[in-house]
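# Coordinate inspection notes
Residue strings, one per chain:
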Amino acid sequence: MAKATTIETRQCDVIVIGAGITGLTTAFYLTRRQKNVEVLERQNRIGGQIQTFHEDGFVFESGPNTGVISCPEVAELFSDLSGDCEPETAFEASKRRLIWKGECFHPLPSGITSAIFTPLFSLKDKLRILGEPFRPKGDDPDETIGMLAKRRLGKSFLDYAVDPFLSGVYAGDPMRLVTRFALPKLYHLEQRYGSFVKGAIAKIREHKNNRDKLATKQVFSPRNGFSRLIEALERQIGSRRITLGVEDITILPHHNHWKVRFTNSTGRMQEIHCTQVITTVGAYALPDLLPFIAQEQMHKICNLHYAPVIQVSVGLHHTGGIHHAAFGGLIPSCENKPLLGILFPSACFKNRAPEEGALFSCFIGGVRHPEYLMKSDDEIIALVTDALHSMLHYPLKSNPDMIRIFRHKKAIPQYDAGCGERLATIEYLQKQYPGLVLGGNIRDGIGIADRIRQAVALASDLQLV
């Protein structure tokens, strides 16, 4: 007779699925509110896409390189960590952004004078900007960012400002990303004020309270890398509340609570009963996680495309006096280059490279070139080394002293036309199944600040239950 499988059972208040920045920040704030929380993570480490490496004098990331203090929640998180992790704001040079056109990088205009003389935009579109405040606002709620930019600003602004910006943020196509989901602030500027220019002026004039002023818009990184933030969150939550290496997680409604069953790293089956469960995983992981949801509804949630991205960290011990004082350089798709862009982390933050050296982060692939993910390491190294010489103007003898390649098959979600249906389905399911929360980057934005802001909101909302 077969021996029955023993299932270890326990209880807690809240289960958080996923130990990325969203899941950990949510768990951190729930523990501060005296909730009994457990975090379950499939990988054998915490952090999700975030991981910082220290090697041969270089400090580099395999995931996000920077964040923006675009909402008060970011500043408040570091304050709430009570000195356990300190943010480092980027050097003044980080305000300088470069765009490739023709044979070299050009600074993105930062004022009226530079906007007039920049070679990035056509004379027609420069003059056309004068009429932007008087153009009627759009009436298509699913208008793409590309169509919006072309309608209000002109094609050259689309090609040499909007397109490279979205390559840098989303690794995406502006003609597919829907404005109200991918760039909601931009969408609301037009809808509320009728114009980008009018909206920007109105925002400057708006009264800001002390909390609003915490959103400084500065570029930041935790001192010594984003892993420091992840480690600080782990210490504050307590490692005993985080279970790594779990497999076969399933979530099921059970009477007036939830039953979460999984296999731990030692192969033992475990079951936790809780009143609330929060998922912070990618859309592709939800079908196995939530088997009780009807296939039609699940399809509406999971119909989310993720851009593949290769990130390559490149280090030079000696630059030969060549310095790039800027945040980085972005490359418009119309320029037909293999790279999406190059960030300059050592020009933004201290101690990211040896004193006479430099650190770069190169990005390849995106939605337009998913096939690049299949290129060999040697092919990727050749692309990056060529960019070092032809785009950053290092002499041929200046080969990288350090190259590390990170391949992300499902890197960045693309908020396209299916986003509205997905959000409506999520809202419906959360009402149908009280205590179930579907979070993570399937909604509410993809940036570090977006993730932190969502986590704070999730923890605050659950506190009321």
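What counts and how
- Residues numbered from 1 in each chain as written.
- Predicted model: local features only at pLDDT ≥ 70, side-chain atom pairs only at ≥ 80, totals over all residues.
- Heavy atoms only, no water.
- UniProt positions renumbered as here; feature names shortened; annotations may be inferred.
- Core = buried A, V, L, I, M, F, W, Y, C linked by side-chain atoms within 4.5 Å.
- Buried < 20%, exposed > 50% of the residue type's maximum accessible area, 1.4 Å probe, protein only.
- Domains from an automatic or database assignment.
- Contact = heavy atoms within 4.5 Å.
- Helix = DSSP H or I, 4+ residues; strand = E, 2+ residues; numbered from the N terminus.
- Pairing = 2+ DSSP bridges.
- Phe/Tyr/Trp six-rings, centres within 6.5 Å; stacked < 30°, edge-to-face > 60°.
- Lys NZ or Arg CZ within 6 Å of the ring centre and 35° of its normal.
- Salt bridge = Lys/Arg side-chain N within 4 Å of Asp/Glu carboxyl O.
- Axes fitted to C-alpha atoms, helices over the stretch in contact; angles between N-to-C directions.
- Left-handed = near helix turned anticlockwise from the far one by under 90°.
- Nonpolar A, V, L, I, M, F, W, Y, C, P; charged D, E, K, R; others polar.

Naming follows an unreviewed UniProt entry, where the chain appears as Coproporphyrinogen III oxidase of Bacteroides helcogenes. Recorded under Function (unreviewed entry), the UniProt text for the chain is reproduced unchanged: "Involved in coproporphyrin-dependent heme b biosynthesis. Catalyzes the oxidation of coproporphyrinogen III to coproporphyrin III." According to UniProt, the comment filed for the chain under the heading Sequence similarities (unreviewed entry) is "Belongs to the protoporphyrinogen/coproporphyrinogen oxidase family. Coproporphyrinogen III oxidase subfamily."

## Topic: the nonpolar core
Ranked by size, the top nonpolar core spans 57 residues in total, and within it Ile15, Ile17, Leu40, Val260, Val277 and Leu290 carry the most contacts. Counting contributing residues, this core receives three or more from each of domain 1 (8-50 + 226-298 + 415-462) and domain 2 (108-209). Leaving out residues up to four positions away in the same chain, Ile15 has contacts with Glu38, Leu40, Val260, Ile272, Cys274, Gln276, Val277 and Ile278. Ala19, Val39, Phe78 and Cys85 belong to the second largest nonpolar core, which has 37 residues in total.

## As for the pairing of strand 14 (residues 269-274)
Summarising burial for strand 14: 5 of the 6 residues are buried, a large majority. Where strand 1 (residues 7-11) meets strand 14, 5 bridges bridge the pair, whose relative direction is parallel. Bridge pairing links Arg10 to Ile272 in strand 14. By the bridge criterion, 6 bridges tie strand 13 (residues 257-263) to strand 14 in an arrangement that is antiparallel. Of the residues in strand 14, the one forming a bridge with Arg261 is Glu271. Between strand 13 and strand 14, which follow one another and run antiparallel, lie 5 residues, and Gly267 among them has a positive phi close to 90°.

## Some words on the packing of aromatic side chains
Two aromatic rings, taken as a pair, are described by how far apart their centres are and by the angle between their planes. Following the criterion strictly, the structure yields 15 aromatic pairs and no others. Where Phe53 meets Phe60, the ring centres are 5.6 Å apart and the plane angle is 15°; that geometry is what we call stacked. Take Phe53: its relative accessible area is 26%, and that puts it in the partly exposed class. One aromatic cluster is present, built from ring pairs that chain together Phe53, Phe60 and Phe406. A cation over a ring is seen here: Arg97 above Phe327, with NZ or CZ 4.0 Å from the ring centre. The cationic tip of Lys375 hangs over the ring face of Tyr372; the distance from NZ or CZ to the ring centre is 5.1 Å.

## Considering the pattern of salt bridges
As enumerated under the stated definition, the model contains 24 salt bridges in all. For Arg407, the salt bridge is made with Asp377, and the minimal N-O distance between the two is 2.8 Å. Linking Arg407 in strand 20 (residues 402-413) with Asp377 in helix 13 (residues 377-390), this pair joins segments that are 30 residues apart in sequence. For Arg407, a relative accessible area of 32% puts it in the partly exposed group. We note a salt bridge from Arg443 to Asp444, for which the minimum N-O separation is 2.6 Å. On the accessibility criterion, Asp444 (40% relative accessible area) is partly exposed. Beyond isolated ion pairs, a larger network of salt bridges with shared partners links Glu132, Glu143, Arg151, Arg152 and Glu190.

## Quick look at the UniProt feature "domain: Amine oxidase" (unreviewed entry) in the chain
As annotated in UniProt, the feature "domain: Amine oxidase" (unreviewed entry) corresponds to residues 21-441 in the numbering used here. The distance from the first to the last C-alpha atom of residues 21-441 is 11 Å, and the span holds 31% helix and 24% strand.

## Structural notes on the packing of helix 1 (residues 21-32) against helix 10 (residues 227-237)
Taken N-terminus to C-terminus, the directions of helix 1 and helix 10 make an angle of 35°; their axes are 9 Å apart at the nearest point. Crossing angle aside, the handedness with which helix 1 passes helix 10 is left-handed. Packed against helix 1, whose contacting residues are Ile21, Leu24, Thr25, Ala27, Phe28 and Thr31, the element helix 10 presents Leu229, Ile230, Leu233, Gln236 and Ile237 at the interface. Of the residues belonging to the contact of helix 1 with helix 10, the class tally is 8 nonpolar, 3 polar and no charged.

## Topic: the side chain of Glu38
Among the secondary structure elements, Glu38 is positioned in strand 3 (residues 37-40). The class of Glu38 is buried, set by a relative accessible area of 9%. Setting aside residues no more than four positions away along its own chain, Glu38 makes contact with Arg10, Cys12, Val14, Ile15, Val16, Arg241, Thr243 and Ile272.

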